[in-house]
Amino acid sequence: MEPPKVSNVSKVRTTRKFKGAGIELNCVDYGGEGKPPILLVHGGAAHARWWDFVAPALTGRFHVLALDQRGHGDSPWTGQWAYGSRHYAADLEAVIGGWGLGAPVLVGHSMGGHTVMVYAAEHSEQLRAVVTIDSIPAYPAHAIAALSALADRPASVYGSLDEAVASFRLLPADTLAAPEVLRHVAELSFRPRADGKWVHKMDRLILRREPIQLDRELERIRCPALLIKAALSPVLSGSFARTMAARMAQGRMVQLENSNHHAPIDNPSGLVAIMAPFLASTLDGTA
């Protein structure tokens, strides 16, 4: 399979602002206005532009938008810590309730998929469907503790964008993403300070997670749901993904080959292809 090329990524993008829960959030609009909306939600420590290699392929049938969650990308930080599942889900409730675009398909990767499930458990009637990509319903205590320890480290400061990009690492580290794809998301992950130094756009406090544990709440997700397990990822096992899907009223599970955890950049064309039948069914009413 030929890897995606940065040169092939659509430049047709606009920036929009939507009101979240007491915060104004940045959103990338890839086009397709007037069609049913699909909202893409990135993972922890990522940003909306991770979807650059997926979103353009969806604009033929959807109005495609990608949200920078609070404390990430070009959305503002909160000052004091406000980065629990309840805060991210409240942002989705405010955005979808106020954007005037109608019920969306919500697509979330990793932490973004967890946020999508938290929102869907409370508001399935406000959604056309949901897709979660290598996302778990509950965070183990050791993972929460490890992320919290990272949050307490001081943020790194770099003398140039090139130096910052050279430092860029994924967590988990394993990836099949092409070097130019990694560089693309890395270049969009940093911002210059007033003194000319470069820092990561994310607020490190986002690493201090306070997740809503959904072990016993999956049955409340009533809308059509597609769970995608990345074949090479240790985050979510295939058997558990099937169990999750079975507990949802309209859940189904598929496996994405040739991908570690970071599916939107590891295998974006495969991700689009594996979502396509489900997304089509949300439009023709067979989901």
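Read on for a plain summary of the structure. (Residues numbered from 1 in each chain as written. Predicted model: local features only at pLDDT ≥ 70, side-chain atom pairs only at ≥ 80, totals over all residues. Heavy atoms only, no water.)

### Quick look at the packing of aromatic side chains
So, point 1. Scanning the model with the defined rule gives three aromatic pairs in all.
So, point 2. Here the aromatic cluster, defined as three or more aromatic residues joined through ring pairs, consists of Y158, F168 and F190. (Phe/Tyr/Trp six-rings, centres within 6.5 Å; stacked < 30°, edge-to-face > 60°.)

### Section: the pairing of strand 9 (residues 224-230)
So, point 1. Within strand 9, seven of the seven residues are buried, which leaves the element mostly enclosed by the surrounding structure.
So, point 2. Burial of the side chains of strand 9 extends over both faces: P224, L226, I228 and A230 are buried on one face and A225, L227 and K229 on the other.
So, point 3. Bridge count between strand 6 (residues 129-133) and strand 9: four bridges; the pairing is parallel. Residue pairing across strands places V130 opposite A225, the latter belonging to strand 9.
So, point 4. Pairing geometry for strand 9 and strand 10 (residues 250-256), over seven bridges, is parallel. (Buried < 20%, exposed > 50% of the residue type's maximum accessible area, 1.4 Å probe, protein only. Helix = DSSP H or I, 4+ residues; strand = E, 2+ residues; numbered from the N terminus. Pairing = 2+ DSSP bridges.)

### So, unusual backbone geometry
So, point 1. Between L171 and P172 the backbone carries a cis peptide bond, its omega angle lying at 0°.
So, point 2. Within the secondary structure, P172 sits in the loop between helix 4 (161-167) and helix 5 (179-187).
So, point 3. Look at D134: it is not a glycine, yet its phi comes out positive at around 55°.
So, point 4. Along the chain, D134 turns up in the loop between strand 6 and helix 3 (141-151).
So, point 5. Taking relative accessible area as the criterion, D134 reaches 0% and is therefore assigned buried.
So, point 6. Not every positive phi belongs to a glycine, and N258 is a case in point at roughly 55°.

### Notes on empty space enclosed by the protein
Left-over empty space is what a probe sized like a water molecule reveals as it rolls over the atoms.
So, point 1. Following the criterion strictly, the structure yields one cavity of 30 Å³ or more and no others.
So, point 2. Considered as a void within the structure, the largest cavity measures approximately 50 Å³ in volume.
So, point 3. In terms of lining residues, the largest cavity is bounded by Y83, G84, S85, Y88, M111, H114, T115, Y139, R209, E210 and P211.
So, point 4. Of all the elements in the fold, those that place two or more residues in the lining of the largest cavity are helix 1 (85-98) and helix 2 (111-123). (1 Å grid on protein atoms, 1.4 Å probe; cavity = no way out; pocket = protein on both sides within 12 Å on 5 of 7 lines; lining within 4 Å. Points joined across faces, edges and corners; volume = space filled by probe spheres on them.)

### Some remarks on the layout of surface pockets
So, point 1. Its volume calculated, the largest pocket comes out at about 1,200 Å³.
So, point 2. Taken together, 44 residues form the lining of the largest pocket, with G44, A45, L147, L171 and L207 sitting closest to its centre.
So, point 3. When contributions to the lining of the largest pocket are tallied by element, the ones reaching two or more residues are helix 2, helix 3 and strand 8 (198-200).
So, point 4. Grouping the amino acids of the lining of the largest pocket by side-chain chemistry returns 25 nonpolar, 13 polar and six charged.
So, point 5. Estimates place the volume of the second largest pocket at around 160 Å³.
So, point 6. Around the second largest pocket, the lining is made up of 13 residues, and of these N26, V28, R49, D68 and D74 lie nearest the centre.
So, point 7. Breaking the lining of the second largest pocket down by element, the ones donating at least two residues are strand 1 (14-19) and strand 2 (24-31).
So, point 8. Of the residues in the lining of the second largest pocket, the class split is three nonpolar, five polar and five charged. (Nonpolar A, V, L, I, M, F, W, Y, C, P; charged D, E, K, R; others polar.)

### Quick word on the nonpolar core
So, point 1. Formed by 35 residues in total, the largest nonpolar core has its most connected members in L39, L106, L127, V130 and I221.
So, point 2. Elements with a contribution of two residues or more to this core: strand 2, strand 3 (37-41), strand 4 (63-67), helix 1, helix 2, strand 9 and helix 6 (238-247).
So, point 3. No other element matches the six residues that helix 2 contributes to this core.
So, point 4. Once residues lying within four places of it in the same chain are set aside, the contact partners of L39 are C27, L65, A66, L67, L92, W99, V105, L106 and V107.
So, point 5. If you look at the next biggest cluster of nonpolar residues, it comprises 26 residues, including I38, A129, V131 and I133. (Core = buried A, V, L, I, M, F, W, Y, C linked by side-chain atoms within 4.5 Å. Contact = heavy atoms within 4.5 Å.)

### What to know about the pattern of salt bridges
So, point 1. What the rule picks out here adds up to twelve salt bridges.
So, point 2. Of the charged contacts, one joins D74 and K201 as a salt bridge, the two residues approaching to 3.1 Å between their closest N and O atoms. Of this pair, D74 sits in the loop between strand 4 and helix 1 while K201 sits in the loop between strand 8 and strand 9, placing them 127 residues apart in sequence.
So, point 3. A salt bridge links E210 to R86; the nearest nitrogen and oxygen atoms lie 2.2 Å apart. Of this pair, E210 sits in the loop between strand 8 and strand 9 while R86 sits in helix 1; the two residues are 124 residues apart in sequence, bridging distant segments of the chain.
So, point 4. The exposure class assigned to E210 is partly exposed, which follows from its relative accessible area of 40%.
So, point 5. Exposure remark for R86: the relative accessible area of 42% places this residue in the partly exposed category.
So, point 6. Look at the salt bridges and you will find they share partners, linking E122, E217 and R220 into a network. (Salt bridge = Lys/Arg side-chain N within 4 Å of Asp/Glu carboxyl O.)

Just geometry here; none of it tells us what the structure is for.
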